[in-house]
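# Structure at a glance
The chain contents come next:
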Amino acid sequence: MSLKITTNLVEESRISSFDPDNIVFGQLFSDHMFSCDYANGQWQNFRIDPFGKIPISPTLSALHYGQSIFEGMKAFKNTDGIVTLFRPLDNLARMNRSADRMCMPELTEEIFMEGLKALVMIDKDWIPTKLGSALYLRPFMFAMDDYLGVKPSETYKFMIYGCPVSAYYSNPLKVRIEEKYTRASKGGVGAAKCAGNYAASMYPTRLAQKDGFDQVLWTDGEHHQYLEETGTSNIFIVTKNTIYTPELNDSLLAGITRDSIIKLLRANGKEVIEKKVSVEELINWHKSGELTEMFVSGTAATVTNIQLFSYMGMSYQVNHTENLLSAEILREVRAMRALQIPDKFGWVSVISESEVSI
Ligand code: COI
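Model, not experiment: these values are computed from the prediction. (Residues numbered from 1 in each chain as written. Predicted model: local features only at pLDDT ≥ 70, side-chain atom pairs only at ≥ 80, totals over all residues. Heavy atoms only, no water.)

## Looking at the side chain of Ser260
- As for its position among the elements, Ser260 is in helix H5 (residues 256-267).
- Contact partners of Ser260, with chain neighbours within four places excluded, come to Phe86, Arg87 and Trp347. (Helix = DSSP H or I, 4+ residues; strand = E, 2+ residues; numbered from the N terminus. Contact = heavy atoms within 4.5 Å.)

## Side note on the site of the ligand
- Residues in close proximity to the ligand include Phe70, Gly72, Tyr136, Arg138, Lys193, Tyr198, Thr232, Thr299 and Ala300, which together make up its full environment.
- In the environment of the ligand, an oxygen atom lies 2.5 Å from a nitrogen or oxygen atom belonging to the side chain of Tyr136.
- Thr299 is positioned with one of its backbone polar atoms (N or O) 3.4 Å from an oxygen atom of the ligand.
- In isolation the ligand exposes 280 Å². Once the protein is present, 89% of that is buried.
- When its residues are assigned to classes, the shell around the ligand shows four nonpolar, three polar and two charged.
- No fewer than three residues from each of domain 1 (6-166 + 346-355) and domain 2 (173-323) sit in the shell around the ligand. (Near = heavy atom within 4 Å. Polar contact = N/O pair within 3.5 Å; in protein donor to acceptor, adjacent residues only side chain to side chain. Areas by Shrake-Rupley, 256 points an atom, 1.4 Å probe, with all protein chains shown as cover. Nonpolar A, V, L, I, M, F, W, Y, C, P; charged D, E, K, R; others polar. Domains from an automatic or database assignment.)

## Structural notes on the nonpolar core
- Counting residues in each nonpolar core, the largest one holds 50 residues, and the members touching the most others are Phe34, Trp43 and Phe158.
- In terms of residue count, the dominant contributor to this core is helix H3 (residues 109-122) (nine residues). (Core = buried A, V, L, I, M, F, W, Y, C linked by side-chain atoms within 4.5 Å. Buried < 20%, exposed > 50% of the residue type's maximum accessible area, 1.4 Å probe, protein only.)

## Focus: the pattern of salt bridges
- With the rule as written, the count across this model stands at 16 salt bridges.
- Close ionic contact of Arg14 with Asp31 constitutes a salt bridge, the shortest N to O distance being 4.0 Å. A residue pair is termed long-range when its members are at least 10 positions apart, and Arg14 in the loop between strand E1 (6-7) and strand E2 (32-39) and Asp31 in the loop between E1 and E2 qualify at 17 residues.
- With a relative accessible area of 32%, Arg14 lands in the partly exposed category.
- For Asp31, a relative accessible area of 5% corresponds to the buried category. (Salt bridge = Lys/Arg side-chain N within 4 Å of Asp/Glu carboxyl O.)

## Remarks on the packing of H5 against helix H7 (residues 325-337)
- The contact between H5 and H7 brings their axes to 11 Å, and the two run at 100 degrees. Considering the angle they form, H5 stands roughly perpendicular to H7. Counting all contacts with H5, which are made through Ile261, Leu264 and Leu265, the residues of H7 involved are Leu325, Ile329, Glu332, Val333 and Met336.
- Per-class residue counts for the contact of H5 with H7 are seven nonpolar, no polar and one charged. (Axes fitted to C-alpha atoms, helices over the stretch in contact; angles between N-to-C directions. Parallel < 35°, antiparallel > 145°, perpendicular 65-115°, else oblique.)

## A closer look at the state of the cysteines
- Inspection of every chain in the model, using the stated rule, returns zero disulfides.
- Just so you know, Cys36 is unpaired, no disulfide at all, and the nearest cysteine sulfur is the one on Cys103, 19 Å from it.
- Exposure remark for Cys36: the relative accessible area of 0% places this residue in the buried category.
- In this structure Cys194 is a free cysteine whose sulfur lies 12 Å from that of Cys103, the closest cysteine sulfur available.
- With relative accessibility at 2%, the residue Cys194 sits in the buried group. (Disulfide = S-S within 2.5 Å.)

What follows is the structure, encoded as structure tokens:
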């Protein structure tokens, strides 16, 4: 541990208000938060403080012009009490790609990893152990300049907080394939994990939810012809012989869960094709009986089935078989994270007490 973190711990933990058997996603936050500031061209002021509000000015640049990016990741605790993270350096790499696209400063591995590890170990009692639950970690960065003009900020704050979670979706999803609105377009910021992408998706999602759907399944911004992602997750389409997922481009997010699933499926001898998948193809696979399963993948969403998709007012039920591929893959990822099976890809990062000095 070489990052000098000033640590100010809570006088009294709020852990007694946390019921691991009744977790509501995203409402209760662990005792502490990590923060640091970027000014004069460098990151400084590394701190762990009690979780709480931070003072900001009404002129805060992030509020007006949206230089704000984030990551989603999880810490797990297995039955032996061992704490793990899953592919944390891939989150850092994506965060730095987002930072680059949004003219924000990059983070070093030392700051990201040591901030994460310190926070997770200080709040390790907040990591739920029930199957399907975890301590969700939210690293995020935003522009701190107090300035009215439009230009990249010169000062930033990077923070991490934790939130014990269980499933984001509790039931298989009903999705509406989008025909009119666009989440992101070619040359835009769809591949960056920036706050604005989520703001852009809210209105069409609200319309879809009013009509009884859980999510919008986004299509390309130009012709609304090719499938992209749902806005909280990537998608997979399982046919009798092959599994398809939309190929990455600059309008969809390169999910780390997506990448893990592709690699695991291929290692299990399955054919996975990343390509442009058209709505027409999906409907044809459904009509011919080729389509056996559809699911979404994401850190929050984990692996959740799609039970129905709708396009041009027509609903298509996805007939799941008994042996769901999504269930198989989820079992394997969980077992790997819990250190019950070998981690053949080197994805699981164990955090030991000795690494964290507070
Ligand atoms: C995640 O899966 O971690 C995300 O960032 C998606 C968010 C909508 C919860």
